[in-house]
Amino acid sequence: MMSMAGNTVGGGAAPRRMKAEDQAMHITVSDPVQHSEGMQKYTSYRVDVRPPSAVPNQQQPQEIFLNTSTFSSVLRRYSDFLWLYERLHVEKAGAIIPPLPEKQPVGRFSPTFIEDRRVNLERFLRRVSVHPELADAKCLDTFLRADDITFHGAKSAKGEIMASSTANIAVKPKSGGLNRWFAEAKTSISGDLVRSPDDDLFDEIARYIQGLDTQMKNVSQQATGLVRKGKEISNGLFEFGLAFNLLGQSEADALGDALCKMGETADKLSVLSSDHADKEMNQFEDPIQDYIKMIHAVKLALQRRHEKRISYSTCLSNVQTKQMSLSKLRMQPGQEAKAYAAEMSMRRAQEEAEVARDDFATVSQRVLREMDRFKREKAEDMRRTVLDYIQLQVEYNKRMEEVWSSLIPQLEQVQLDGNSNVVGSRTAPAAGAASPAPMVSPQPSPQYTPQASYPPQVTDFQQSHDPMMSLQYRDGGF
């Protein structure tokens, strides 16, 4: 049975467990700076790459990184990260690209939003750098190390392929790209797509991902509701404690002290509940939402494979059309020149079809590898997320029980005489002090005997004013 590194139930917060991207702590995004160019305003971030050996407590990465033996530092803005994200979809079609933080047209220059975006951009880079399919991408190395002139030149080459790109995207777009787009659209609409032995498997994967997406969105909705209710409970306990404090101040005897203690306890529980709601959001709600984003990334990978399938089918259809035209020209006397040109055109179409076939096969195999990795890694992440959530609830309820239990002796110190009047004057003992406890034992038995009916009276009081307290006192309530 695998041990849960850093997960403990007891006093104090459990250490954060290691994630895959923690192997790339040598890549950092820091120092956000706002810039203004005319009417445009944007935020730049400093991206540093240090040798892994130079980072304290850095685990040596298992994957092969590009030029990690040297230090580099560049400035990048959000649109640069977006360029990297889009280039990865081109160079490594079929890979599950980690999600990029979304655009936000309003409030994008607030300190809170900038810091949140910085954290997510850093996580995006680290995930890409440890990704087995993406770590060797040339666009990643360009993003991390290229100077401003080289990088802006790479960004301006929108439709062209970088000189160092892989063979599966080596075909440059032609002037007849619009005609090809119409041809691919026609092929897609007609449904006349090439068949492969793995089509049934990919259909099953698509159904699995669609069902998983639906179920995870439902879980996310419920998790969001739990966090919201936790914050509402925190606010309710604060108001509850305030009411008891005011009630205790209206009493001039020991009962007033006890009621004020009740208010102080409710206030402590309010802080505890608020902290618990924040932990639920960070350790459960946010991971679930990130999981949904990864599911969307899987859908994009499947979509890239479908696009390659359409391209290959279109190329095959183009070859068949050119073969038919060539056959007709060869049957007509005096059309030798046109027949030769048609034959050259057909050969070029055949070469494009071969490249499209290899590209389709490469992307299909990449998607299958990615799906195996997705199921393996995300299943483990989900298991740990659920276990962390359970242990969080156990720790929270134990702390709640401790706070409520510490209140019981303080209420039991309130004594009543035969006429149910409070015995003793109002005191102000130190918080947490146990000194008043010995005063209970020396009481003469005639005065103490009527107290046999006191605990039920306290319980009735608790049940009528605080249902949560009666729940806490039940045996086995936790």
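Residues numbered from 1 in each chain as written. Predicted model: local features only at pLDDT ≥ 70, side-chain atom pairs only at ≥ 80, totals over all residues. Heavy atoms only, no water.

### As for the overall build of the protein
Helix and strand counts for the protein come out as 11 helices and five strands. A burial count over the protein gives 41% of its 478 residues as buried. Of the contacts made within the protein by residues no fewer than 6 positions apart, 77% connect residues no fewer than 24 positions apart. Of the roughly 27400 Å² of accessible surface on the protein, 55% is carried by carbon and sulfur atoms. (Helix = DSSP H or I, 4+ residues; strand = E, 2+ residues; numbered from the N terminus. Buried < 20%, exposed > 50% of the residue type's maximum accessible area, 1.4 Å probe, protein only. Contact = heavy atoms within 4.5 Å. Areas by Shrake-Rupley, 256 points an atom, 1.4 Å probe, with all protein chains shown as cover.)

### Focus: the confidence of the model for the protein
Confidence in the prediction for the protein averages 79 pLDDT; 72% of positions are at 70 or higher. Of the regions scoring below 50 in pLDDT, residues 1-14 engages in 23 contacts with residues more than four places distant in sequence or in other chains. Across residues 61-65 the pLDDT falls below 50, and counting only partners more than four positions away or on other chains, this stretch makes nine contacts in the model. (pLDDT = per-residue confidence, 0-100.)

### Section: the sheet that holds strand β2 (residues 40-49)
An order of β1-β2-β3 is seen for the three strands of this open sheet, with the pairing classed as antiparallel. Taken across any chain shown, the strands that pair with only one partner, and hence form the sheet edges, are β1 (27-37) and β3 (72-77). Geometrically, the sheet is characterised by an average inter-axis angle of 25° between neighbouring strands, direction not taken into account. In this structure, β2 lies alongside β3, joined through six bridges in antiparallel fashion. Pairing of Arg 46 across the sheet is with Leu 75, part of β3. Where helix α2 (residues 111-130) meets the sheet, its contacts fall on β1 and β2, and the angle it forms with β1 comes to roughly 130°. (Pairing = 2+ DSSP bridges. Axes fitted to C-alpha atoms, helices over the stretch in contact; angles between N-to-C directions.)

### Describing the pattern of salt bridges
The tally for this structure, following the rule as stated, stands at 33 salt bridges. Salt-bridge contacts for Asp 141 lead to Arg 145; the nearest nitrogen and oxygen are separated by 3.7 Å. Linking Asp 141 with Arg 145, this pair stays in helix α3 (residues 138-145), spanning four residues, or about one helical turn. Overall, the relative accessible area of 21% leaves Asp 141 in the partly exposed class. The closest approach of N and O atoms between Arg 330 and Glu 343, which form a salt bridge, is 3.5 Å. With a gap of 13 residues between them, Arg 330 in helix α7 (residues 254-330) and Glu 343 in helix α8 (residues 336-412) connect regions that are remote in the sequence. Here Arg 330 falls in the exposed class, since its relative accessible area comes to 54%. Overlapping salt bridges bring together Arg 195, Asp 199, Asp 200, Arg 305 and Arg 309 as one network. (Salt bridge = Lys/Arg side-chain N within 4 Å of Asp/Glu carboxyl O.)

### Observations regarding the packing of α7 against α8
One can describe the packing of α7 onto α8 by two numbers: an axis separation of 8 Å at closest approach and a directional angle of 170°. In this view, α7 runs roughly antiparallel relative to α8, as classed from their interaxial angle. Of the residues in the contact of α7 with α8, the class split is 39 nonpolar, 13 polar and 17 charged. (Parallel < 35°, antiparallel > 145°, perpendicular 65-115°, else oblique. Nonpolar A, V, L, I, M, F, W, Y, C, P; charged D, E, K, R; others polar.)

### Re the nonpolar core
Of all hydrophobic cores here, the largest spans 30 residues; its most connected members are Phe 81, Leu 84, Leu 88, Phe 124, Leu 125 and Phe 143. Going through the elements one at a time, β1, β2, α1 (78-91), α2, α3 and α4 (148-156) are the ones with two or more residues in this core. Among the elements that make up this core, the one with the highest residue count is α1 (six residues). Once residues lying within four places of it in the same chain are set aside, the contact partners of Leu 88 are Ala 93, Ile 97, Phe 124, Val 128, Leu 134, Ala 137 and Cys 139. The next biggest cluster of nonpolar side chains, apart from the first, holds 24 residues, and it includes Tyr 291, Ile 295, Val 298 and Leu 302. (Core = buried A, V, L, I, M, F, W, Y, C linked by side-chain atoms within 4.5 Å.)

### Here's the deal with the side chain of His 89
Relative to the helices and strands, His 89 resides in helix α1. Ignoring sequence-local partners within four residues, the contact set of His 89 consists of Ile 97, Leu 300 and Arg 304.

### Some words on the packing of α1 against α2
Running from N to C, α1 and α2 cross one another at 30°; their axes reach a closest spacing of 12 Å. Considering their axes alone, α1 and α2 lie roughly parallel with respect to each other. Handedness of the α1/α2 crossing: left-handed. Two secondary-structure elements touch here, α1 through Tyr 78, Phe 81, Leu 84, Tyr 85 and Leu 88 and α2 through Arg 117, Leu 121, Phe 124, Leu 125 and Val 128. Partitioned by chemical class, the residues of the contact of α1 with α2 number nine nonpolar, no polar and one charged. (Left-handed = near helix turned anticlockwise from the far one by under 90°.)

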